[in-house]
Amino acid sequence: MAAASDAPVLAAVGSEHDLPLVELAAREAAAFGHPLRLIHTFDWGAAFKAPSVAGTHDAAAELLDRATKVAQEVDETLSVREDIAEGSTVETLIRMSETAFLIAVGDSGMSTRELGCSMPADTPAVQVVARAGCPVLVTRQDTPPQGPVLVGVDGSVGSRQALKWAFDCAVRRAGRLVAVRVVERGQDDAPAILAEIVAAVGGREPAVPVECHTIRGAPGGVLVEQSRSAQLVVVAARGHQPGRGMIGSACQTVLYHSPTPMVVVRGLAPAESP
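Quick summary incoming for the structure in this document.

The rules we used
- Going along each chain's sequence as written, the residues are numbered from 1 onward.
- Two thresholds apply to this predicted model, a pLDDT of at least 70 for residue-level local features and 80 or more for giving and counting side-chain atom pairs, whereas whole-chain, interface and lining totals are computed over all residues.
- Note that the side-chain values use all heavy atoms of the structure and ignore hydrogens as well as water.
- Labels follow the DSSP assignment, with helices taken as runs of H or I lasting at least four residues and strands as runs of E lasting at least two, numbered in each case from the N terminus.
- The rule is simple: take the accessible area with a 1.4 Å probe, protein chains only, and divide by the maximum for that residue type; under 20% is buried, over 50% is exposed, in between is partly exposed.
- Pairs of residues are marked as contacts when any of their non-hydrogen atoms sit within 4.5 Å.
- Method for areas: the Shrake-Rupley scheme with a 1.4 Å probe, in which residue coverage is limited to the protein chains shown.
- Throughout this description, the term nonpolar core refers to a set of buried Ala, Val, Leu, Ile, Met, Phe, Trp, Tyr and Cys residues connected via side-chain atoms within 4.5 Å.
- Each domain's extent is set by a domain assignment, obtained either automatically or from a database.
- Note on pairing: two strands pair once DSSP finds at least 2 bridges between them.
- In this scheme, a helix's expected span is set at 1.5 Å multiplied by one less than its residue total.
- Directions are taken from the helix axis to each C-beta atom, and the arc is the one they span.
- A side-chain nitrogen of Lys or Arg and a carboxyl oxygen of Asp or Glu constitute a salt bridge if their distance falls within 4 Å.

All right, on to the overall build of the protein chain then. Assigned secondary structure in the protein chain consists of 9 helices and 10 strands. Taking all 274 residues of the protein chain together, the buried fraction comes to 49%. Pairs at least 24 residues apart make up 79% of the contacts formed inside the protein chain by residues separated by at least 6 positions. Of the accessible surface of the protein chain, which amounts to about 12700 Å², a share of 50% is contributed by carbon and sulfur atoms.

Now the structure itself:
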């Protein structure tokens, strides 16, 4: 899917705990020149059980108004739209992702879990990352360091799209880019292949400082460790098989365990890949 210039950044706002997520989503929207759309899902069944249906709806509207103020503190010129939608948050976001530029979601507490622990497949962040029709920004509880933009590159079409997105992020952050290729065993030509891919994708952004590293190990574990000093990590949802409902093992490990905000790149048309 090629996002239109007016395709929004979507941010799910369920409670005041999501206001930091709104701030990060607003920064991405402003940086990339897209409007921000704040979504609060409303369960009529629960509302009718509350003392006042109107009061429940009014509380949602008040929350969205607060979120809008947070977004406009980031950029007062940013176009912000508020929506109260009926139904499941996950299903609403997945439906809206078909015409969105980016979705921003919280990580459901995943980054605080020990490496090796699994998460239920129905965890909201996992479902959105696996099924969205556009890239997904997963925020974290802690503020990331002012480090580079980190991207995992394995040579697949998906990872090249992730690399292009990472270059765009580095440009907008006036930061540097660290491209990592992980190999399980020694490959003499691996560093040269990585350098060639980076040069091909990033040739249009010569001002971005770039580091290329080829590291031996398990891709997910290496990227998690490297991400600890990064401000953002960018990965493809599933490099060689970018189908819906699935994410690759490296993406899954980073999603579950990295302390750093990440962008999972998916839903882009093949024609957009370098």
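This next bit is on the nonpolar core. The biggest cluster of nonpolar side chains holds 46 residues, and the ones touching the most others in it are Leu36, Val151, Leu163, Trp165, Leu177 and Val234. Mapping this core onto the domain boundaries places at least three of its residues in each of domain 1 (9–139) and domain 2 (149–265). Other than its neighbours up to four places away in sequence, Trp165 contacts Phe32, Phe101, Leu102, Pro135, Val234, Val263, Val265 and Leu268. In terms of nonpolar packing, the next biggest core, distinct from the first, is built from 38 residues, Ile94, Ala100, Ala130 and Cys251 among them.

A separate point is the pairing of strand E7 (residues 177–183). For E7, the buried fraction is high: 7 of the 7 residues fall into the buried class. Here E7 shows two buried faces, one formed by Leu177, Ala179, Arg181 and Val183 and the other by Val178, Val180 and Val182. When strand E6 (residues 149–152) meets E7, the two strands line up parallel, connected through 4 bridges. Note that in E7 the partner of Gly152 across the bridge is Val180. Where E7 meets strand E8 (residues 210–216), 7 bridges bridge the pair, whose relative direction is parallel. Each bridged residue has a counterpart across the sheet, and for Val178 the counterpart in E8 is Glu211.

Below, the discussion takes up helix H1 (residues 19–32). With 14 residues, H1 should cover 20 Å at 1.5 Å per step; its first-to-last C-alpha distance of 20 Å lies within 8% of that length. For H1, the complete set of buried residues consists of Leu19, Leu21, Val22, Ala25, Ala26, Glu28, Ala29 and Phe32. On an axial view of H1, the arc spanned by its buried residues comes to 165°, and they lie on one face. The first or second residue beyond H1 is Gly33, which carries a positive phi of 75°.

It is worth spelling out the pattern of salt bridges at this point. If you walk through the whole model with that rule in mind, you get 10 salt bridges. Across the pair Glu23 and Arg27 runs a salt bridge, and its minimum N-O distance is 2.9 Å. Of this pair, Glu23 and Arg27 both sit in helix H1, 4 residues apart, which is roughly one turn of the helix. Exposure remark for Arg27: the relative accessible area of 44% places this residue in the partly exposed category. Of the charged contacts, one joins Arg176 and Glu211 as a salt bridge, the two residues approaching to 2.7 Å between their closest N and O atoms. A residue pair is termed long-range when its members are at least 10 positions apart, and Arg176 in the loop between helix H6 (157–173) and E7 and Glu211 in strand E8 qualify at 35 residues.

Function-wise, these values are silent; they only describe arrangement.
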